[in-house]
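Summary of structural features
For reference, the chains in residue letters:
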Amino acid sequence: MHPSVASSPTEEVLAAWRLEHAEVRPITSGHINRTFEVWSPDRGFILQRLNPIFAPEIHLDIEAITRRLEAAGLLTPRLVPAQGRLWIVDREGAVWRLFTLVAGETLLAADSPGRCRTAGRLLGRFHGALWDCDHVFRHSRPGVHDTRRHLRKLEEALAAHTSHRRFFI
């Protein structure tokens, strides 16, 4: 987690979704966005402070894709608008979003062949639902999946730091 990320959402952020009196608990298993489980008296949500590597326009893409998945009969978290927008920007300039909560279990590693088969079937349904999707994405991060570039940078870093106390090959 980035050190500048607030430890919990402010009253301003919660008020944007009228959740001032909700119970808020941090979720610590993620690595990119600061994530919270939020419980109002009648339902749960997932609240996230977006990592600055993402532009707010990513929410337009999320909305289009989750709408399509839902129309295809897949259960998916959906963005919950605040003040007529899919995201808010707080006084510090941080971008926040709220999702509906999909009940279930979060696994951080595969725990059985059966679970892997089930995950594979779900992934197939996901791709099937989006197969002919013609959405033009508003947000992209060019090079994020450029494995060769990442390996080259790693090799350069290793070559430049052979005297580091943790260097080993």
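This text goes with the structure placed above it.
Summary of the structure given here.

Right, let's talk about the nonpolar core for a bit. Within the largest apolar cluster, 16 residues are counted, with the highest numbers of intra-cluster contacts made by Trp17, Leu19, Val38, Leu47, Ile88, Trp96 and Leu98. Secondary structure elements with two or more residues in this core: α1 (11–16), β2 (34–39), β3 (44–49) and β5 (95–100). The element best represented in this core is α1, accounting for three residues. Among the nonpolar cores identified, the runner-up in size contains 10 residues, and Ile46, Ile58, Val95 and Phe99 belong to it.

The strand order β1-β2-β3-β5-β4 describes an open sheet built from five strands, whose pairing is antiparallel. The sheet is open, and its two borders are formed by β1 (23–27) and β4 (88–89), each paired with just one other strand.

Among the six residues in β5, six count as buried, and that is most of the element. Every second residue of β5 is oriented toward a common face, with Val95, Arg97 and Phe99 on one face and Trp96, Leu98 and Thr100 on the other, all of them buried. The sheet contact formed by β3 and β5 spans five bridges and is antiparallel. If you follow glutamine 48 over to β5, its bridge partner there is arginine 97. When β4 meets β5, the two strands line up antiparallel, connected through two bridges. If you follow isoleucine 88 over to β5, its bridge partner there is tryptophan 96.

This part is about the pairing of β1. Examined bridge by bridge, β1 and β2 share five bridges and lie antiparallel to one another. Each residue of the ladder has a partner; that of isoleucine 27, found in β2, is threonine 35. Connecting β1 to the antiparallel partner β2 that follows it, the hairpin turn spans six residues.

As a further point, take the layout of surface pockets. Estimates place the volume of the largest pocket at around 1600 Å³. Lining the largest pocket are 44 residues, and of these Leu75, Thr76, Pro77, Val102 and Thr106 sit closest to its centre. When residues of the lining of the largest pocket are traced back to their parent elements, those giving at least two are β2, β3, α2 (58–71), β5 and α3 (113–130). The leading source of residues in the lining of the largest pocket is α3, at nine residues. Its residues assigned to classes, the lining of the largest pocket shows 27 nonpolar, 11 polar and six charged.

Procedures and definitions
Per chain, residues are indexed from 1 in the order of the written sequence. Selection of residues for local features in this predicted model requires a pLDDT of at least 70, selection of side-chain atom pairs for listing and counting requires 80 or more, and totals for whole chains, interfaces and linings are taken over all residues. No hydrogens and no water enter the side-chain calculation; it runs on all heavy atoms of the structure. For our purposes a nonpolar core is just a set of buried Ala, Val, Leu, Ile, Met, Phe, Trp, Tyr and Cys residues, chained together by side-chain atoms within 4.5 Å. Each residue gets one of three labels from its accessible area relative to the maximum for its type: buried under 20%, exposed over 50%, partly exposed in between, using a 1.4 Å probe on protein chains only. Strands here are runs of E lasting at least two residues and helices are runs of H or I lasting at least four, both read from the DSSP assignment and numbered beginning at the N terminus. Here, any two strands with at least 2 DSSP bridges between them count as paired. With a 1 Å grid laid over protein atoms only, a set of points is called a cavity when a 1.4 Å probe fits there but cannot get out and a pocket when it is open yet has protein on both sides within 12 Å along at least five of seven lines; lining residues have an atom within 4 Å of a point. Grid points are joined across faces, edges and corners, and a volume is the space filled by probe spheres set on the points. Gly falls in the polar group here, along with every residue not listed as nonpolar (Ala, Val, Leu, Ile, Met, Phe, Trp, Tyr, Cys, Pro) or charged (Asp, Glu, Lys, Arg).

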